[in-house]
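What follows is each chain in one-letter form.
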Amino acid sequence: MADEWTILHLVIMIRGTGHFRNLVTMSNNYSAENIATMELIYGEGYLSAGGDDEVAAIVDGVDLAGKSILDLGCGLGGASVTLARDHRAGSVTGVDIDSQVLERAAALVRKYDLESQVVLQKIEPGLLPFEKGTFDLVYLTAVTCHLLELRPFLGEVKRVLKAGAVVAGCEWLKLEDNASYRQWDRLLRERGLNFHFVDRHEFVSAFEDSGFEQFSLSDRTGFIHQLSQSAVNRVQGELKAKLTGILGDEGYETCLDWTRTRARAFAEGGIGQGHFRARTPG
Ligand SMILES: C[S@@+](CC[C@H](N)C(=O)[O-])C[C@H]1O[C@@H](n2cnc3c(N)ncnc32)[C@H](O)[C@@H]1O
């Protein structure tokens, strides 16, 4: 008998868009200001921490030369660019549900003259618009944290990967439902960003239930905590004038509060991040 995830998947297939897709992905509000602020803090092309070095660490040991990669939830396109330029991927398909970030990603791809290697595409939440077994690697950073349900999404990731291929990425994890975690979670919601952090157990189970094998997760919390602490210092120092120019005085204070709250949630064990990797069977 079909389980509830299969039924949900069928419903999405039948209904395609509209109300039902909200079962899978909540809407988000990466406003122009959110984007500008995050990119200043995280670096050109990124809506998550660590930049090109973090991408290199995530795909370390995977031979990408000539391979076809899906950068799923590519955001501003930083990873798509470095995967094509520095890791010699044959082709990178960067997809996202948000037209605004995709426009920025397109500008980045043009800037580095990578149009022949990197294709960007807007997708709807739900089914991925690719044939079964299309990609050698799915690259996935800070995307599943936006999903209400992991399994239908991971089922799609598995479907579009070739047999024996890898999904690799980095994700936020809920470590403890303590005061610092709840404050960070509340603050994100107040600012229109819907995150649904899950704990390690649920994250691992979702991959296993979706048919992935050889799942591994390595803790990056210490490293990301250091980055987030240094972000607090940069926001108070070298970035203050720029951020005030973009956000105004009140907006700057809000941004500083946001940055401090994130660092505190890492410091006090509320949230963490991990690099993950898993394979499709075969
Ligand atoms: C925190 S950003 C990370 C962007 C990029 N991966 C990075 O690390 O810089 C999350 C991105 O996932 C996108 N996203 C959310 N749900 C998605 C879905 N169901 N399919 C594809 N992209 C999605 C958002 O629009 C946003 O650009």
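Residues numbered from 1 in each chain as written. Predicted model: local features only at pLDDT ≥ 70, side-chain atom pairs only at ≥ 80, totals over all residues.

**Q** I'd like to hear about the overall build of the protein chain, residue by residue, with values.
**A** In terms of regular secondary structure, the protein chain is built from 10 helices and 7 strands. When burial is assessed residue by residue, the protein chain has 43% of its 282 residues classed as buried. Looking at the protein chain alone, contacts between residues at least 24 apart form 79% of all its contacts between residues at least 6 apart. (Helix = DSSP H or I, 4+ residues; strand = E, 2+ residues; numbered from the N terminus. Buried ≥ 20, exposed ≤ 12 C-beta atoms within 10 Å, placed from the backbone. Contact = placed C-beta atoms within 7 Å.)

**Q** I'd like a description of the nonpolar core, backed by residues and values.
**A** For soluble globular proteins, nonpolar side chains are generally found buried alongside one another. Ranked by size, the top nonpolar core spans 71 residues in total, and within it Ile69, Leu83, Leu137, Val138, Tyr139 and Val167 carry the most contacts. The element that contributes the greatest number of residues to this core is strand β5 (residues 161-174), accounting for 8 residues. (Core = buried A, V, L, I, M, F, W, Y, C linked by C-beta atoms within 7 Å.)

**Q** Explain unusual backbone geometry to me, using residue names and the numbers behind them.
**A** If you check the backbone angles, Arg88 has positive phi at about 55° while not being a glycine. Counting through the fold element by element, Arg88 comes out in the loop between α4 (78-85) and β2 (91-96). We classify Arg88 as partly exposed; it has 13 C-beta atoms within 10 Å. Here Asp113, not a glycine, exhibits a phi torsion of approximately 55°, which is positive. Here Asp113 is to be found in the loop between α5 (99-111) and β3 (118-122).

**Q** Could you give me a rundown of the site of the ligand, with the residues and numbers involved?
**A** Looking at the ligand, there are 21 residues lining it, with Ser48, Gly73, Gly75, Asp98 and Ala142 nearest. The residue makeup of the shell around the ligand, split by class, is 11 nonpolar, 8 polar and 2 charged. (Near = placed C-beta within 6 Å. Nonpolar A, V, L, I, M, F, W, Y, C, P; charged D, E, K, R; others polar.)

**Q** Please set out the environment of Leu137 residue by residue, giving values where relevant.
**A** Within the secondary structure, Leu137 sits in strand β4 (residues 135-141). For Leu137, a count of 24 C-beta atoms within 10 Å corresponds to the buried category. A C-alpha to C-alpha distance of 7.5 Å links Leu137 and Ala168, two positions 31 residues apart in sequence. Not counting residues up to four positions away in its chain, the partners in contact with Leu137 are Val62, Leu64, Lys67, Ile69, Ala165, Val166 and Ala168.

**Q** Provide a residue-level description of the sheet that holds strand β1 (residues 68-72), including the pertinent values.
**A** Hydrogen bonds between backbone atoms are what pair the strands of a sheet, whose relative direction is either parallel or antiparallel. Spatial ordering of the open sheet is given by β3-β2-β1-β4-β5-β7-β6, a layout of 7 strands whose pairing is mixed. Unpaired on one side and paired on the other, β3 and β6 (213-219) mark the two borders of the sheet. Adjacent strand axes in the sheet meet at a mean angle of 15° when their direction is disregarded. Direction of pairing for β4 relative to β5: parallel, over a ladder of 6 bridges. Bridge pairing in β5 links Leu137 to Val166. (Pairing = 2+ DSSP bridges. Axes fitted to C-alpha atoms, helices over the stretch in contact; angles between N-to-C directions.)

**Q** Account for α4, with residues named and values stated.
**A** With respect to burial, α4 is a largely interior element, 7 of its 8 residues being buried. Contact partners of the buried residues in α4: α3 (51-58), β1, β2, α5, β3 and β4.

**Q** Residue-level account of the packing of helix α2 (residues 32-42) against helix α10 (residues 240-267), with values.
**A** Packed helix pairs are specified by the crossing angle of their axes together with the interaxial distance, meaning the distance between the axes. In the contact formed by α2 and α10, the axes pass within 11 Å of each other and the chain directions differ by 95°. The orientation of α2 relative to α10 falls into the category roughly perpendicular. Contacts from Glu33, Ala36, Thr37 and Leu40 in α2 reach Lys242, Leu243, Ile246, Leu247 and Cys255 in α10. Classifying every residue of the contact of α2 with α10 gives 6 nonpolar, 1 polar and 2 charged. (Parallel < 35°, antiparallel > 145°, perpendicular 65-115°, else oblique.)

**Q** Report on α3, specifying residues and quantitative values.
**A** Taken together, the buried positions of α3 are occupied by Glu54, Val55 and Ile58. Looking straight down α3, one finds its buried side chains confined to an arc of 100°; they lie on one side. Buried residues along α3 sit in contact with α4, β5 and β7 (271-279). (Arc of directions from axis to C-beta.)

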